[in-house]
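Structure assessment
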Amino acid sequence: MDPELLERITARRAELDQLEERLAKQLTKVRAERDELAVAERVLERVSEQIAHERVSTSPLPAQVGGRAIMLIPHRTSDVEESLLPPDYQRILATVRQAAGPVMARQVGELLGVDVSVRAKLEPLRGKLVRLVDRGWLRKLPDGRFTTRL
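This section reports on the structure supplied with the text. What you see is a predicted model, and the numbers here were worked out from it, not measured in a lab.

So, about the overall build of the protein chain. Helix and strand counts for the protein chain stand at 4 helices and 4 strands. The helix and strand sequence of the protein chain, counted from the amino end, reads α-β-β-α-α-α-β-β. Approximately 11,800 Å² of the protein chain is accessible, and the part contributed by carbon and sulfur atoms is 54%.

Structure, rendered in structure tokens:
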């Protein structure tokens, strides 16, 4: 046998052994990363399901009118008009809009003719103001005053 040819075969075998070792290490890393991605995917699915469930359970229950579900205080969108709000909410919006700036619930009550000295009459008004904030019709400032959205 030709010693030169044998040497080339031996050298090539050593190169292939090294390549096989590097590829085996890479394959191990790839498999580990795939396992991590599978875990991350399962966690993401669980979290997404939990968030969706929480949104459903915390969303307001719609009222029924003529057998159809409606939300009494709809979220403000470009296709929802203020006239769809119940009349008392329309009056509250108009009062806040006519004020010379941000107003406290007590001021809104005074302008609407609510006896603000009676807490039992002021708190329902505050609840309506907050509901209008939650639905995007009003904005509540950090100091507790209410203003129209920009």
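Another point: the side chain of Arg-135. Tracing the backbone shows Arg-135 in the loop between α4 (119–134) and β3 (138–140). At 2.8 Å, the side chain of Arg-135 forms a polar contact with the backbone oxygen of Ile-73.

Once that is clear, we can look at the nonpolar core. What tends to happen in soluble globular proteins is that the nonpolar side chains get buried as a cluster. If you look at the biggest cluster of nonpolar residues, it comprises 19 residues, and the most contacted ones within it are Leu-85, Ile-92, Val-96, Val-108, Leu-129 and Leu-132. When residues of this core are traced back to their parent elements, those giving at least two are α2 (87–98), α3 (105–112) and α4. Other than its neighbours up to four places away in sequence, Leu-132 contacts Ile-73, Leu-85, Tyr-89, Ile-92, Leu-93, Trp-137 and Leu-138.

Counting across every chain of the model gives 0 aromatic pairs. Lying over the aromatic face of Tyr-89, Lys-128 brings its terminal NZ or CZ to 5.6 Å of the ring centre.

For the rest of this paragraph, the subject is the pattern of salt bridges. Under the definition given, this model contains 6 salt bridges. For Arg-97, the salt bridge is made with Glu-82, and the minimal N-O distance between the two is 2.7 Å. Taken as a pair, Arg-97 in helix α2 and Glu-82 in the loop between β2 (68–70) and α2 lie far apart in primary sequence, 15 residues in all. Residue class for Glu-82 comes out partly exposed when judged on its relative accessible area of 27%. Between Arg-126 and Glu-123 there is a salt bridge, with its nearest N and O atoms 3.2 Å apart. One end of the pair, Arg-126, and the other, Glu-123, are both in helix α4, 3 residues apart, so they sit about a helical turn from each other. Residue Glu-123 is classed as partly exposed on the basis of its relative accessible area, which comes to 29%.

Let us look at the packing of α2 against α3. Where α2 meets α3, the axes come as close as 10 Å, and the angle between the chain directions of the two elements is 110°. In terms of orientation, α2 and α3 fall into the roughly perpendicular class. Between α2 and α3, the residues in contact are Arg-91, Ile-92, Thr-95 and Val-96 and Val-108, Leu-111 and Leu-112, respectively. Broken down by class, the residue content of the contact of α2 with α3 amounts to 5 nonpolar, 1 polar and 1 charged.

For the pair α3 and α4, the least separation of the axes is 10 Å and the interaxial angle reads 110°. Classified by the angle their axes make, α3 and α4 are roughly perpendicular. Of the residues in α4, those in contact with Ala-105, Arg-106, Val-108, Gly-109 and Leu-112 of α3 are Leu-122, Leu-125, Arg-126 and Leu-129. When the residues that make up the contact of α3 with α4 are grouped by side-chain class, the tally is 6 nonpolar, 1 polar and 2 charged.

So, about a nonpolar patch on the surface. Nonpolar side chains collect at one region of the surface, where Val-39, Val-43, Val-47 and Ile-51 lie side by side and expose about 290 Å² of accessible area between them. Take Val-43: it is sitting in helix α1 (residues 3–58).

Criteria and cut-off values
In this numbering scheme, every chain counts its residues from 1 along its sequence in written order. Given that this is a predicted model, residues contribute local features only at a pLDDT of at least 70 and side-chain atom pairs are listed and counted only at 80 or more, while totals for whole chains, interfaces and linings are drawn from all residues. Think of the side-chain values as coming from all heavy atoms in the structure, minus any hydrogens and water. Counting from the N terminus, the helices are the DSSP runs of H or I reaching at least four residues and the strands are the DSSP runs of E reaching at least two. Per-residue accessibility takes into account occlusion by the displayed protein chains alone, with areas from the Shrake-Rupley method and a 1.4 Å probe. Any pair of nitrogen or oxygen atoms within 3.5 Å is treated as a polar contact; in protein, a donor-acceptor pairing is required on top of that, and neighbouring residues in sequence qualify only through side-chain atoms on both sides. Each nonpolar core is a collection of buried residues, namely Ala, Val, Leu, Ile, Met, Phe, Trp, Tyr and Cys, held together in the definition by side-chain atoms within 4.5 Å. When a residue's accessible area, from a 1.4 Å probe over protein chains only, is under 20% of the maximum for its type it is buried; when over 50% it is exposed; and in between it is partly exposed. Here, two residues are considered to be in contact whenever any of their heavy atoms come within 4.5 Å of each other. The criterion for an aromatic pair is that two Phe, Tyr or Trp rings (for Trp, the six-membered ring) have centres within 6.5 Å, with stacked assigned to planes under 30 degrees apart, edge-to-face to planes over 60 apart and tilted to the rest. As a reminder, the over-ring test applies to NZ of lysine and CZ of arginine, requiring each to be within 6 Å of the ring centre and within 35 degrees of the ring normal. A carboxyl oxygen of Asp or Glu within 4 Å of a side-chain nitrogen of Lys or Arg is what we treat as a salt bridge. Convention adopted: a line fitted to C-alpha atoms gives each axis, helices being fitted over their contacting stretch, and angles between N-to-C directions are expressed from 0 to 180 degrees. Working definition: roughly parallel below 35 degrees, roughly antiparallel above 145 degrees, roughly perpendicular at 65 to 115 degrees, and oblique for all remaining angles. Under the scheme applied, nonpolar residues are Ala, Val, Leu, Ile, Met, Phe, Trp, Tyr, Cys and Pro; charged residues are Asp, Glu, Lys and Arg; polar residues are all the others, including Gly. Patch members must show over 30% relative accessible area and no salt bridge, and they are joined within 9 Å when carrying like charges or within 5 Å when they are nonpolar side chains of Val, Leu, Ile, Met, Phe, Trp or Tyr.

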